[in-house]
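# Reading the structure
One-letter residues, chain by chain:
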Amino acid sequence: MDDPGNVTLSQGLRDTTRIKFYRSYLTQLKKAVDEGANVAGYFAWSLLDNFEWRLGYTSRFGIVYVDFHNLKRYPKLSAYWFQKLLQRNKQ
């Protein structure tokens with residue numbers, strides 16, 4: 001799940017498309033488990049925005065925004081969404 005790369009910090013942090021992707025994916029995964037699929041776990045493929053072999057730094061992938069100029073990291077909305085999901089399921 002990537003987003004076009006040339007975005008500002010504030011645009012990059014509002015990754016609502018990624019949240020919709022994960023919500024839909026995990027909903028279908030739960031449905032498969034409920035129907036008997038043997039699933040041991042799930043993880044988001046990329047934690048951080050990173051270099052992508054075909055596109056370089058022109059796409060954003062992770063749930064953490066990386067400022068490539070100073071390497072400072074900022075959790076995206078999707079990171080907080082995952083945090084809330086995990087806390088809810090922990091209880």
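Scroll up a little and you will see the structure.
Everything quoted here is computed from the prediction, not taken from an experiment.

For the rest of this paragraph, the subject is helix H2 (residues 16-34). Since the α-helix advances by 3.6 residues per turn, residues separated by three or four positions end up pointing in the same direction. Look at H2: 27 Å from first C-alpha to last across 19 residues, which is about the 27 Å you get at 1.5 Å a residue. Backbone geometry just after H2 places glycine 36 at a positive phi near 110°.

Moving on, we come to the pattern of salt bridges. Counted according to the given criterion, the structure contains two salt bridges. We note a salt bridge from arginine 18 to aspartate 15, for which the minimum N-O separation is 3.0 Å. Judged by relative accessible area, which is 2%, aspartate 15 ranks as buried. With a closest N to O distance of 2.8 Å, lysine 30 and aspartate 34 form a salt bridge.

Let's shift gears to a nonpolar patch on the surface. A surface patch of nonpolar side chains, amounting to about 350 Å² of accessible area, comprises Met1, Phe21, Tyr25 and Tyr42. Mapped onto the fold, phenylalanine 21 is located in helix H2. A relative accessible area of 34% places phenylalanine 21 in the partly exposed class.

Describing an aromatic ring pair means giving the distance of the ring centres and the angle of the ring planes. Applying the stated criterion across every chain yields a total of six aromatic pairs. A centroid spacing of 5.2 Å and a plane angle of 75° characterise the contact between tryptophan 81 and phenylalanine 82, whose relative ring orientation is edge-to-face. Judged by relative accessible area, phenylalanine 82 falls into the buried class, the value being 11%. Feature note: the residues Phe21, Tyr22, Tyr25, Tyr42, Trp81 and Phe82 constitute an aromatic cluster, connected by ring pairs.

We now examine the nonpolar core. In terms of nonpolar packing, the biggest core is built from 10 residues, these being Ile19, Tyr22, Leu26, Ala44, Ile63, Val64, Ala79, Trp81, Phe82 and Leu85. The set of elements that each furnish at least two residues to this core consists of H2 and helix H3 (77-90). If sequence neighbours within four positions are ignored, isoleucine 19 has contacts with Leu77, Ser78 and Trp81.

Calculation criteria
- Residues numbered from 1 in each chain as written.
- Predicted model: local features only at pLDDT ≥ 70, side-chain atom pairs only at ≥ 80, totals over all residues.
- Heavy atoms only, no water.
- Helix = DSSP H or I, 4+ residues; strand = E, 2+ residues; numbered from the N terminus.
- Expected span 1.5 Å × (residues − 1).
- Salt bridge = Lys/Arg side-chain N within 4 Å of Asp/Glu carboxyl O.
- Buried < 20%, exposed > 50% of the residue type's maximum accessible area, 1.4 Å probe, protein only.
- Patch = residues over 30% accessible without salt bridge, like charges linked within 9 Å, V, L, I, M, F, W, Y side chains within 5 Å.
- Areas by Shrake-Rupley, 256 points an atom, 1.4 Å probe, with all protein chains shown as cover.
- Phe/Tyr/Trp six-rings, centres within 6.5 Å; stacked < 30°, edge-to-face > 60°.
- Core = buried A, V, L, I, M, F, W, Y, C linked by side-chain atoms within 4.5 Å.
- Contact = heavy atoms within 4.5 Å.

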